[in-house]
Amino acid sequence: MAVTDAQNPLLAEHTCGSLLNKLQEIWDEVGESDEERDKMLLQIEQECLDVYKRKVEQADNSRAHLLQSLSDAKIELSSLLLALGENNFMEMPDKTSGTIKEQLESIAPILEQLWQQKEERIKEFSDVQLQIQKICAEITGDLNPEQAGTFAVDESDLSLKKLDEYQSQLQELQREKSERLHKVLEYVSTVHDLCAVLGMDFFSIATEVHPSLNESIGVHSKSISNGTLAKLVKTVSTLKEDKKQRLHKVMHLKSMLVKFFRCVHIFDFAEVEVERLDQQKASRMKEIALKKQDELEEIYACAHIEIDPEAVRGKILSLIESGNTEPAELLADMDKQIAAAKEEALSRKDILDKVEKWMSACEEESWLDDYNRDENRYNASRGAHLNLKRAEKARILVNKIPALVDTLVAKTRAWEEVHDMSFTYDGVPLLAMLDEYAMLRHEREEEKRRMRDQKRYHEQQSTEQESVFGSRPSPARPLGNKKVVGPRPNGTPNRRLSLNAHQNGSRSITKDGKRDNTRPVATLNYVSVSKEDAASHVSGTEPVPTSP
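Here the structure is a predicted model, which is why all the values come from computation and not from measurement. (Residues numbered from 1 in each chain as written. Predicted model: local features only at pLDDT ≥ 70, side-chain atom pairs only at ≥ 80, totals over all residues. Heavy atoms only, no water.)

1. Things to note about the overall build of the chain
Step number 1: Of regular secondary structure, the chain possesses 15 helices and four strands.
Step number 2: Within the chain, contacts between residues at least 6 apart in sequence are counted, and of these 70% link residues at least 24 apart.
Step number 3: When the accessible surface of the chain is totalled, it reaches about 36300 Å², and 55% of it is carbon and sulfur. (Helix = DSSP H or I, 4+ residues; strand = E, 2+ residues; numbered from the N terminus. Contact = heavy atoms within 4.5 Å. Areas by Shrake-Rupley, 256 points an atom, 1.4 Å probe, with all protein chains shown as cover.)

Written as structure tokens, this is what we have:
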């Protein structure tokens, strides 16, 4: 290629002047006339001008295309910002700075970000609107699977304000759905009770109203439509009317039987039949009432509220057997009691949770006291490192007991002020339990302080004797004076005793909140004993010599 370029001077030179000079040489050699030369030069000049014009037109078209693209991008940017409600978008580029390509390059990532944000926002709108459509269909009863999800999101307004409006609408519909579900369950329960009293098939009646009211179907799958609620209201009304008519017939039958008492055989038969029906009715009522009483007792047991279940059950059975109370009124009264018990249990939940934490901390404190009394706790035995870790966690938990007790006292007093009654835990006033605990904890601290003072006094006397008589080996302590710490029985104490099984001293708490100073109780282990305190506890059992 280099040889070819050297042989052909036209390929070796690229400037217009060199080519023009070469053309002049060729013309001179050929002998072209000046007229032909001018004509040819004019033609070359015209061709060059045409080339420049084409290039200029191409550049102008390219600039116009870029400007149109920039304009479209800006319009699209404004449209996205308007749809998303982003009036103060922080990443907007300067509209006049830089070249056209630079402006396009600065807008492109922002457009991509906004498109991604738009897609996410459309998904959020779609999810919320789909839930709204589903709940509305449940309320109207128009659950057509072909129409589910057949809606279009309005992409012209995807602002957060609009999304909040849809979410508020969804929350309102969810609240209405919850209320409707509660009404449906109340009506179903009423139908169940009426069917039980009337001896009718609850399953067939419930499924006739709507198949989803079957007891085997979950609560959240039951129909809450307007039609279902209307049918339930009608069914309850029909059953109550049927019950009223049956009761009227029974009463009328009784009166007829009394009038025709001379017909002994018929009278005896009717009397036996009425008695059988009454017994069947009373038996069914007992079953329903005792089932509701079981639920009430379970609520009270979970809330640690002491009641006399045997007396209550006896009263219920006596009311049913006497026949002086309407079954519906008795069941309604028991439903009110259950609702009141649930409300009271809910108001006690916060305090009961903290009582559980307090009792757990006291159990850890008791274990820690036993652990600190063990003289072999630092030996390299199996499981010693686990006990050491547990002791560290127990000390942290024990240090939180005073604050937990203060919180319990404050919350209990606030509860008692609101409810105008004493807060009891399994029949024992909680404030009395906490007061007893605080007093015993104070006594335990005083006992620890006295033992530490006794130990220091003993060590001081030993030092003074050594300074007067010289160093001598200390005599062995008599075995009879040593305090033998035996192992405690395993197992968790009964919490219903209000922690008396873990308390030191001779006082306990009765159910009326008074202290019983005569009944001894087990040793209290509420204060953690450190290694030094454990040593002082053993040495503190020795007699203190008097000063010379």
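Next comes the rest of the account.
2. Considerations on the UniProt feature "coiled-coil region" (unreviewed entry) in the chain
Step number 1: When the UniProt feature table is mapped onto this chain, "coiled-coil region" (unreviewed entry) is found at residues 156-183.
Step number 2: Here residues 156-183 runs as 86% helix and 0% strand, with 40 Å between its end C-alpha atoms. (UniProt positions renumbered as here; feature names shortened; annotations may be inferred.)

3. Re the nonpolar core
Step number 1: Within the largest apolar cluster, 34 residues are counted, with the highest numbers of intra-cluster contacts made by Val355, Trp358 and Leu430.
Step number 2: Counting only elements with at least two residues in this core, the list comes to α9 (264-302), α11 (327-373), α12 (384-399), α13 (401-419) and α14 (430-469).
Step number 3: No other element matches α11, which puts 13 residues into this core.
Step number 4: Sequence-distant contacts of leucine 430, defined by excluding residues within four places in its chain, comprise Ile351, Val355, Trp358, Leu408, Thr412, Phe423 and Thr424.
Step number 5: One finds Leu80, Leu84, Phe125 and Leu163 within the second-largest nonpolar core, a separate group that totals 22 residues. (Core = buried A, V, L, I, M, F, W, Y, C linked by side-chain atoms within 4.5 Å. Buried < 20%, exposed > 50% of the residue type's maximum accessible area, 1.4 Å probe, protein only.)

4. Some thoughts on the confidence of the model for the chain
Step number 1: Taken residue by residue, the chain gives an average pLDDT of 75. The fraction at 70 or more is 76%.
Step number 2: Predicted confidence for residues 1-13 stays below pLDDT 50, and this span has seven contacts to residues more than four positions away or in other chains.
Step number 3: Within the model, pLDDT remains below 50 along residues 472-548, and this stretch shows 155 contacts once partners closer than five positions in the same chain are excluded. (pLDDT = per-residue confidence, 0-100.)

5. Quick word on a negative patch on the surface
Step number 1: A cluster of acidic residues, Glu32, Asp34, Glu35, Glu36 and Asp38, forms a negative patch on the protein surface.
Step number 2: Mapped onto the elements, glutamate 32 comes out in the loop between α3 (16-30) and α4 (34-84).
Step number 3: In this structure glutamate 32 comes out as partly exposed when scored by relative accessible area, which is 32%. (Patch = residues over 30% accessible without salt bridge, like charges linked within 9 Å, V, L, I, M, F, W, Y side chains within 5 Å. Salt bridge = Lys/Arg side-chain N within 4 Å of Asp/Glu carboxyl O. Lys, Arg positive; Asp, Glu negative; His and termini not counted. Charge placed at Lys NZ, Arg CZ, Asp CG, Glu CD.)

6. Description of the pattern of salt bridges
Step number 1: This structure, assessed with the given rule, holds 25 salt bridges.
Step number 2: Note that glutamate 179 and arginine 175 form a salt bridge whose closest N and O atoms lie 2.4 Å from each other. Of the two residues, glutamate 179 and arginine 175 are both situated in helix α6 (residues 160-198); the distance of four residues between them amounts to about one turn of the helix.
Step number 3: For glutamate 179, a relative accessible area of 40% puts it in the partly exposed group.
Step number 4: A salt bridge links arginine 441 to glutamate 365, with the shortest nitrogen-to-oxygen separation between them at 3.4 Å. You can see arginine 441 sitting in helix α14 and its partner glutamate 365 sitting in helix α11, a full 76 residues away along the chain.
Step number 5: The exposure class assigned to arginine 441 is buried, which follows from its relative accessible area of 16%.

7. Structural notes on the environment of aspartate 142
Step number 1: Here aspartate 142 is to be found in the loop between α5 (100-140) and α6.
Step number 2: Overall, aspartate 142 belongs to the partly exposed group, its relative accessible area being 44%.

8. Observations regarding the packing of α11 against α12
Step number 1: Contact pair α11 / α12: the axes reach a minimum separation of 9 Å and the direction vectors enclose 130°. Judged by the inter-axis angle, α11 sits oblique to α12. For α11 against α12, the interelement crossing comes out left-handed. Across the interface between the two elements, Ala361, Glu364, Glu365, Trp367, Leu368, Tyr371 and Asn372 of α11 pack against Asn387, Leu388, Arg390, Ala391, Ala394, Arg395, Leu397 and Val398 of α12. (Axes fitted to C-alpha atoms, helices over the stretch in contact; angles between N-to-C directions. Parallel < 35°, antiparallel > 145°, perpendicular 65-115°, else oblique. Left-handed = near helix turned anticlockwise from the far one by under 90°.)

9. Re the packing of aromatic side chains
Step number 1: The full count for this structure, using the stated rule, is four aromatic pairs.
Step number 2: Between phenylalanine 125 and tyrosine 166, the ring centres sit 5.7 Å apart and the planes meet at 80°, which makes this aromatic pair edge-to-face. Taken together, the residues phenylalanine 125 in helix α5 and tyrosine 166 in helix α6 connect sequence positions 41 residues apart.
Step number 3: For the ring pair tryptophan 367 and tyrosine 371, a centre distance of 5.2 Å and an interplane angle of 15° mean the geometry is stacked. (Phe/Tyr/Trp six-rings, centres within 6.5 Å; stacked < 30°, edge-to-face > 60°.)

10. A closer look at the environment of methionine 421
Step number 1: Structurally, methionine 421 is set in the loop between α13 and β1 (424-425).
Step number 2: On the basis of relative accessible area, methionine 421 is assigned to the partly exposed category, the value being 42%.
Step number 3: If near-sequence neighbours (up to four positions away) are discounted, methionine 421 is found in contact with Glu344, Trp415 and Glu416.

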